Amino acid sequence: IRLKAPLNVSSALSEDEYLSHAWSLGKMNVVAKNYIGLGYHPTLTPTVILRNIFENPGWYTAYTPYQAEIAQGRLEAILNFQTMVIELTGMEIANASLLDEGTAAAEAMALLFDVRSRDQKKNNINKFFVSEEIFPQTLSVLQTRSTPIGVELVVGNYENFDFSTDFFGAILQYPGKFGQIHDYKSFIEKASHNEIKVAVAADILSLTLLTPPGEMGAAVVVGTTQRFGIPLGYGGPHAAYFATKDEYKRSMPGRIIGVTLDTDGNRALRMALQTREQHIKRDKATSNICTAQVLLSVMAGMYAVYHGPKGLRYIANKVHAMAVTLEDALEKLGFYQTNTAFFDTIVIKCDAKKVKEIAEQNEVNFYYIDENTVSISLNETTS
């Protein structure tokens, strides 16, 4: 619709004027210390990654690796990310990243819906169980994405789940949104007896210490790699990871980088399973140019390379030790902590309103569950 009057836009600024304007707007933000958790944690980006990848146009303008012959370095970095995810989750195959944890969880739901047994499809089994301990933003995406594909969500406590044959799948959070760690092995075993496939949304740093969901029998493992050196960035973007069993690879979303041989018999990398890609499958593709967060997944993969397995475990142990230290100090002050097993997040019984007032004066953000409960998530920047 064409406007009758010209647009009410002020005159253009020069690049320099615009940058100083943006800078002054940025200064109005209060950058507090964040202990909210829920899948987001302050991180330390190694300077070498910041300078050579994040601030390097050779990496940050990366689009999509269709031309394998000129993208070998990038493909190797993505393969690296996939390998890291496979090793930490205990799964067989992983993709080159997705947009964020919520999207990855929705894709896990769609994959499990797609790989239902013949009987389940014939009987239109469409219920999907969601643990009430899932992150709220993930639940929102699941609610949005379940409707168009005809999935009915049932949210509840995983301990009370009845494993009815009306369900084709379930998703659990590991550790839970308030930091409690559960052993899901028997849940997953019971579910698979009833032809219910289980997805687990897992904190990738905690997997350096905890039993990986793959070893518990999970069908899909998803999560965010934000903890691996990616700045908070006021909420995003952050690369998700998605790992599953080899038998589901045709239904898997996102791109997959694989190893092959070139015409001279040398090792080469290329996009695998291209029949799933948009340039071949068009609108039926499970992978397209906007499926991945390539720059951020490369950074997360390089963070793992930079620290190595021992370094990652050291960071995870340090984060856990901080949480235990804080728990001990608070108990000495007479505060009661409710998580029986935790990685980085403790839940304290106290007057939340009073705590919030003092915390905000000191530019500290906690997560206020209700009037009597405060949750605190520690991270690698905590001193």
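A short tour of the structure in this document, coming up. Source: prediction; values computed, not measured.

Another aspect to go through is the nonpolar core. Where a protein is soluble and globular, its nonpolar side chains tend to be buried together. Ranked by internal contacts, the top residues of the largest apolar core, which has 62 residues, are Met84, Tyr174, Phe187, Ile188, Val198, Phe228 and Tyr241. Within the residue set of this core, elements represented by two or more residues are helix H2 (47-54), helix H4 (72-89), strand S5 (167-174), helix H8 (185-193), strand S6 (197-202), strand S8 (240-244), strand S10 (267-271) and helix H11 (294-332). Of all the elements, H11 adds the most residues to this core, at twelve residues. Filtering out sequence-adjacent residues up to four positions away, Val198 remains in contact with Leu112, Ala170, Leu172, Phe187, Ile188, Ala191, Ala218, Ala219 and Val220. Leu98, Leu112, Phe113 and Ala201 belong to the second largest nonpolar core, which has 32 residues in total.

Extensive coverage of strand S15 (residues 373-377) is indicated by the burial of five of its five residues. Residues Thr373, Ser375 and Ser377 of S15 are buried on one face, and the alternating residues Val374 and Ile376, pointing to the opposite face, are buried as well. In terms of strand pairing, strand S12 (residues 345-349) meets S15 through five bridges, oriented antiparallel. Counterpart to Thr345 in the pairing with S15 is Ser377. With three bridges joining them, strand S14 (residues 367-370) and S15 adopt antiparallel strand pairing. What sits directly across from Tyr368, in S15, is Val374.

Orientation of H4 relative to H11, taken along the N-to-C sense of each, is 65°, at an axis distance of 8 Å. Relative to H11, H4 is oriented roughly perpendicular. For H4 against H11, the interelement crossing comes out left-handed. Contacts from Ala77, Ile78, Asn80, Phe81 and Met84 of H4 reach H11 at Val294, Ser297, Val298, Ala300, Gly301, Met302, Ala304 and Val305. Residues of the contact of H4 with H11, tallied by class, amount to ten nonpolar, three polar and no charged.

This brings us to the sheet that holds strand S2 (residues 93-94). What the seven strands build is an open sheet, ordered S2-S8-S7-S6-S5-S3-S4; its pairing is mixed. Looking at which strands have only one partner, the edges of the open sheet turn out to be S2 and strand S4 (152-156). In the packing of H4 onto the sheet, the strands contacted are S2, strand S7 (220-224) and S8, and the crossing angle to S8 comes to about 60°. Relative to the sheet, H8 contacts strand S3 (127-131), S5 and S6, its axis offset from that of S6 by approximately 150°.

The subject of this paragraph is the packing of aromatic side chains. The full count for this structure, using the stated rule, is 14 aromatic pairs. With 6.5 Å between their ring centres and 35° between their planes, Phe129 and Phe187 make a pair best called tilted. Here Phe129, found in strand S3, pairs with Phe187, found in helix H8; they are 58 residues apart in sequence, far enough to count as distant. The interplanar angle of 65° and the centroid separation of 5.8 Å between the aromatic rings of Tyr158 and Phe187 together place this pair among those described as edge-to-face. Of the two residues, Tyr158 is situated in the loop between S4 and S5 and Phe187 in helix H8; the sequence distance between them amounts to 29 residues. Accessibility assignment for this pair places Tyr158 and Phe187 in one class, buried.

Criteria and thresholds
- Residues numbered from 1 in each chain as written.
- Predicted model: local features only at pLDDT ≥ 70, side-chain atom pairs only at ≥ 80, totals over all residues.
- Heavy atoms only, no water.
- Core = buried A, V, L, I, M, F, W, Y, C linked by side-chain atoms within 4.5 Å.
- Buried < 20%, exposed > 50% of the residue type's maximum accessible area, 1.4 Å probe, protein only.
- Helix = DSSP H or I, 4+ residues; strand = E, 2+ residues; numbered from the N terminus.
- Contact = heavy atoms within 4.5 Å.
- Pairing = 2+ DSSP bridges.
- Axes fitted to C-alpha atoms, helices over the stretch in contact; angles between N-to-C directions.
- Parallel < 35°, antiparallel > 145°, perpendicular 65-115°, else oblique.
- Left-handed = near helix turned anticlockwise from the far one by under 90°.
- Nonpolar A, V, L, I, M, F, W, Y, C, P; charged D, E, K, R; others polar.
- Phe/Tyr/Trp six-rings, centres within 6.5 Å; stacked < 30°, edge-to-face > 60°.

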